[in-house]
Amino acid sequence: MGKLIYLDHAATTPVHPKVLEAMLPYFSERFGNPSSVYTIAQEARQAVEAARTQVAEVLGCTPREVTFTSGGTESDNIAVKAVAFAQQKLGNHIITSTIEHHAVLETAHALEKMGFQVTFVPVDKYGVVNPDDVGRAITDKTTLVSIMLANNEVGTIEPISDIAKVIKERAKGRKIAFHTDAVQGAGSLDLNVDKLGVDMLSLSSHKFYGPKGVGVLYIRRGSPFQTWQHGGTQERNRRAGTENVPGIVGTGVALKIAEENRPAFVKHCTFLRDRLIAGITKIERAYLTGHPTQRLANNASFYFEFIEGESILLNLDFEGVAASSGSACTSASLEPSHVIMGMGIPVEVAHGSIRFTLGLGNTQEEIDFVASIIPGIVSRLRAMSPLTSEKR
Amino acid sequence: MYSDMVMDHFKNPRNIGSITDADGVGSEGNPVCGDIMKIYIKVKDGRIEDAKFQTFGCGAAIATSSMVTEMVKGKTIEEALVISNKAVAEALGGLPATKMHCSNLAADALHRAIEDYQKKQKVG
């Protein structure tokens, strides 16, 4: 096995060297607690606030609208629960989609058990939410809509600004908060909150070459909010607990770099993605999942009939290729991906889904190598599958 | 997450394919749960002389299918009937807990093949 070909950037990314360099002093040298008064602590405070400003510049908001959390999952949890409970007296209805990340989906399911009503808006065969479906789901009890900016499994980009317009029209002056899980969008898409028309937006640092364990939640000034983590007054009383100073510093730098690199990233990844798609879709009964054009620059996802995802992943791993699958066998849930099934792909072929997510470090040589080994893996597994002979 | 033995059987599966004039064929699992195992056996003088498999599924599903065909060759029908899913997993050096139920059905598929063989014997 040669060197690693890492094609799972939607799972996580390596920390950028400049990000690591910026973080290092805040572990042992400038280790002060930002809430303390002496110099070393105030240096940490300044570093946290500088990172907040860096994030705010990318989001096009004010620094006070930026809250740091422990990751995308916490940001999503806070966003959905903060609004649902803060507005409980005005209404108990929230709207989301069937293909959200589990951080939103499971939070919505938990709220259902607590008595909230949730509408899960369906998607089309490409994984796109129809803004009119969101509009039709709005009732006079709706307080929150949460729709992801781009899907993590199939890369489909959702029409967030169109959905924002529909919400505004249908709200008729009432306050309906609009949250977007933008975790997969950083570095690929414009995150300007006014252009998107969102009131809340979640990010996860390790998806854009930052450290694990840090997230961002943008909360538009004046948005309804109920605090979930109680304790100190950190993060303007929105999220108690001593700040993860090195992680926050890394997040600020990482997002700044990701935004600066965005045009180059999109160009580089789009070229490689389209090359990989062209190669793989030549295989008989192999299909692209997600939208053909309205998709993240770095996402190439497929399903293969008659074979199962984990078997494909293990074979790729033998060749040093790291990718991901929506197969039940790669999760503990024993159910295939809700995203693949949400797009209407039958359950028996949903097990054969594979996702490649590219990064700046990937080369054309790597992509061509992957495209060259997939047909062999697929035919080897198909040769041992009882479905191949039965269904052809 | 898999033992070396599982990876060996996954990488180099033994006895892949079908037997055209099989004395018994049995399958277990379904495409919805993501694993289907089909076992073919050839029986002579009460002994399983050959066994082959076709499997749709994960690494564990393929490795257990491969292992069960190895275990059963040369065994009498009575001996083959006592091979359990658990015994197959143990022969592979164990399986991850999440795989014990969904992907460890190879012995069941073998038992279906033996039932099919016995049914054919009665008719014949």
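What counts and how
Residue indices begin from 1 for each chain and proceed along its sequence in written order. In the order they appear in the text, chains get letters beginning with A and ligands get numbers beginning with 1. Thresholds applied to this predicted model are a pLDDT of at least 70 for local features of residues and 80 or more for the giving and counting of side-chain atom pairs; totals over whole chains, interfaces and linings are not thresholded and use all residues. As a rule here, side-chain values cover all heavy atoms of the structure and leave hydrogens and water aside. A helix here means a DSSP run of H or I that spans at least four residues, while a strand means a run of E at least two residues long, and both kinds are numbered starting from the N terminus. Every radius of gyration here is taken over C-alpha atoms, with the globule rule written as 2.2 Å times N^0.38, N being the number of residues. Burial here depends on accessible area, computed with a 1.4 Å probe over protein chains only, as a share of the maximum for the residue type. Under 20% is buried, over 50% is exposed, and the range in between is partly exposed. By the convention used here, residues are in contact when the closest approach between their heavy atoms is within 4.5 Å. To be clear on the numbers: accessible area is Shrake-Rupley with a 1.4 Å probe, and residue cover counts the displayed protein chains and nothing else. Accessible area that two parts lose when put together, evaluated with a 1.4 Å probe and summed over both, is termed the buried area. We define a salt bridge as a side-chain nitrogen of Lys or Arg found within 4 Å of a carboxyl oxygen belonging to Asp or Glu. Three residue categories are used. Nonpolar comprises Ala, Val, Leu, Ile, Met, Phe, Trp, Tyr, Cys and Pro, charged comprises Asp, Glu, Lys and Arg, and polar comprises the others, including Gly. DSSP calls a pair of strands paired once it identifies at least 2 bridges connecting them. Helix axes are fitted to C-alpha atoms over the stretch in contact, other axes to C-alpha atoms as well, and angles between N-to-C directions run from 0 to 180 degrees. An angle below 35 degrees is treated as roughly parallel, one above 145 as roughly antiparallel, one from 65 to 115 as roughly perpendicular, and anything else as oblique. Working rule for handedness: look at the near helix, and if it is turned counterclockwise from the far one by less than a right angle, call the crossing left-handed; if clockwise, right-handed. Cavity means a closed set of points on a 1 Å grid over the protein atoms alone, one where a 1.4 Å probe fits but cannot get out, pocket means an open set with protein on both sides within 12 Å along at least 5 of 7 lines, and lining means a residue has an atom within 4 Å of a point. Grid points are joined across faces, edges and corners, and a volume is the space filled by probe spheres set on the points. Residue-level confidence of the predictor is what pLDDT reports, using numbers from 0 through 100. To estimate how far a helix should reach, multiply one less than its number of residues by 1.5 Å. Bending is quantified residue by residue as the angle between axes fitted to the seven-residue window ending at that residue and the seven-residue window starting at it. Two N or O atoms form a polar contact when they lie within 3.5 Å of each other; inside protein one atom must be a possible hydrogen donor and the other a possible acceptor, and for residues adjacent in sequence the pair counts only when both atoms belong to side chains. Classification of ring pairs rests on two measures: the distance between centres of Phe, Tyr or Trp rings, Trp counted by its six-membered ring, which must be within 6.5 Å, and the angle between planes, read as stacked under 30 degrees, edge-to-face over 60 and tilted in between. Over a ring means this: the NZ of a Lys or the CZ of an Arg is within 6 Å of the ring centre and within 35 degrees of the ring normal.

Draft legend 1. Inspection of the overall build of chain A at higher detail. Each helix and strand counted, chain A has 14 helices and 12 strands in total. Against the compact-globule benchmark of 21 Å for 392 residues, chain A has a radius of gyration of 22 Å, which places it among compact chains. Projected onto the principal axes, the alpha-carbon positions of chain A cover approximately 70 × 55 × 35 Å. Residues counted as buried form 60% of the 392 residues belonging to chain A. Expressed as a percentage of contacts within chain A between residues at least 6 apart in sequence, the contacts between residues at least 24 apart total 72%. Working note: accessible area of chain A is about 15,600 Å², and carbon and sulfur atoms make up 54% of it.

Draft legend 2. Expanded view of the interface of chain A and chain B. Across the boundary between the two partners, chain A contributes 24 residues, which contact 26 residues of chain B. When chain A packs against chain B, close to 1,900 Å² is buried across both sides, 70% of that on carbon and sulfur atoms. For the pair chain A and chain B, the interface holds one salt bridge. Here Glu310(A) and Lys99(B) are joined by a salt bridge, their closest N and O atoms 2.6 Å apart. Secondary-structure elements contributing two or more residues to the side of chain A that touches chain B are helix 10 (309-318), helix 12 (347-350), helix 13 (364-383) and helix 14 (386-391) of chain A. When the residues that make up the side of chain A that touches chain B are grouped by side-chain class, the tally is 14 nonpolar, five polar and five charged.

Draft legend 3. Quick look at the pairing of strand 7 (residues 200-204) of chain A. All names here are of chain A. For strand 7, a buried count of five out of five residues is recorded, marking the element as mostly surrounded by other parts of the structure. Side chains Met200, Ser202 and Ser204 project from strand 7 onto one buried face, and the interleaved Leu201 and Leu203 project onto a second face that is buried too. With three bridges connecting them, strand 6 (residues 177-181) and strand 7 associate as parallel partners. Its bridge partner being in strand 7, histidine 179 is matched across the sheet by methionine 200. As paired elements, strand 7 and strand 8 (residues 215-219) share five bridges and run antiparallel to each other. The residue of strand 8 that forms the bridge with leucine 201 is tyrosine 218.

Draft legend 4. Molecular detail of the packing of helix 9 (residues 245-280) of chain A against helix 13 of chain A. Residue and element names in this part refer to chain A. Interhelical geometry of helix 9 versus helix 13 gives an angle of 15 degrees and a closest axis separation of 9 Å. When the interaxial angle is binned, helix 9 and helix 13 end up roughly parallel. Both helix 9 and helix 13 take part in a crossing whose hand is right-handed. The residues of helix 13 that touch helix 9, namely those facing Phe271, Leu272, Arg275, Leu276 and Ile280, are Gln364, Ile367, Asp368, Val370, Ala371 and Ile374. Among the residues forming the contact of helix 9 with helix 13, the class breakdown is eight nonpolar, one polar and two charged.

Draft legend 5. Broad picture of empty space enclosed by the protein. Tallying each qualifying case throughout the model produces one cavity of 30 Å³ or more. In this structure, the largest cavity encloses a volume near 40 Å³. The residue inventory of the lining of the largest cavity, partitioned by class, reads five nonpolar, four polar and one charged.

Draft legend 6. Quick look at the confidence of the model for chain B. When pLDDT is averaged along chain B, the result is 93, and 98% of the positions lie at 70 or above. Here the predicted complex carries an ipTM of 0.92, next to a pTM of 0.94.

Draft legend 7. A look at the pattern of salt bridges. Residue and element names in this part refer to chain A. Taken as a whole and judged by the stated rule, the model has 26 salt bridges over all chains. The salt bridge partner of aspartate 199 is lysine 175, with a shortest N-O separation of 3.4 Å. You can see aspartate 199 sitting in the loop between helix 8 (193-196) and strand 7 and its partner lysine 175 sitting in the loop between helix 7 (160-171) and strand 6, a full 24 residues away along the chain. A relative accessible area of 9% places aspartate 199 in the buried class. With a relative accessible area of 37%, lysine 175 lands in the partly exposed category.

Draft legend 8. Spotlight on helix 9 of chain A. Residue and element names in this part refer to chain A. Taking 1.5 Å as the rise per residue, helix 9 with 36 residues should run 52 Å; its terminal C-alpha atoms sit only 43 Å apart, a clear shortfall. Along its length, helix 9 reaches its greatest deviation from straightness, about 60 degrees, at arginine 262, and the proline proline 263 lies no more than four positions downstream. A distance of 3.0 Å separates the backbone nitrogen of glycine 247 from a side-chain oxygen at the start of helix 9, and that oxygen is part of asparagine 244.

Draft legend 9. Seen up close, the pairing of strand 6 of chain A. All names here are of chain A. Of all five residues that make up strand 6, five are buried, and the element is covered over most of its length. Of the two faces of strand 6, both are covered, the one formed by Ala177, His179 and Asp181 as well as the one formed by Phe178 and Thr180. Pairing analysis gives three bridges linking strand 5 (residues 142-146) to strand 6, with the strands arranged parallel. Opposite valine 145, over in strand 6, you have phenylalanine 178 as the bridge partner.

Draft legend 10. Structural detail: the packing of aromatic side chains. All names here are of chain A. Taken as a whole and assessed by the stated rule, the structure comprises six aromatic pairs over all chains. Ring centres of phenylalanine 85 and phenylalanine 116 lie 5.1 Å apart, and the angle between their planes is 75 degrees; this geometry places the pair in the edge-to-face category. With phenylalanine 85 in helix 4 (residues 72-86) and phenylalanine 116 in the loop between helix 5 (102-113) and strand 4 (117-121), the pair connects residues that are 31 residues apart, well separated along the chain. Here phenylalanine 85 and phenylalanine 116 have matching classes, each one buried. Judged by centre distance (5.1 Å) and plane angle (35 degrees), the rings of tyrosine 287 and tyrosine 303 are tilted. Here tyrosine 287, found in strand 9 (residues 286-288), pairs with tyrosine 303, found in strand 10 (residues 299-304); they are 16 residues apart in sequence, far enough to count as distant. By relative accessible area, which is 32% here, tyrosine 287 ends up partly exposed. Aromatic ring contacts, followed pair by pair, group Phe85, Phe116 and Trp228 into a single cluster. One residue, lysine 81, lies across the ring of tryptophan 228, its end atom 5.6 Å from the ring centre. For arginine 238, the ring lying beneath its charged end belongs to phenylalanine 225, and the centroid distance is 5.2 Å.

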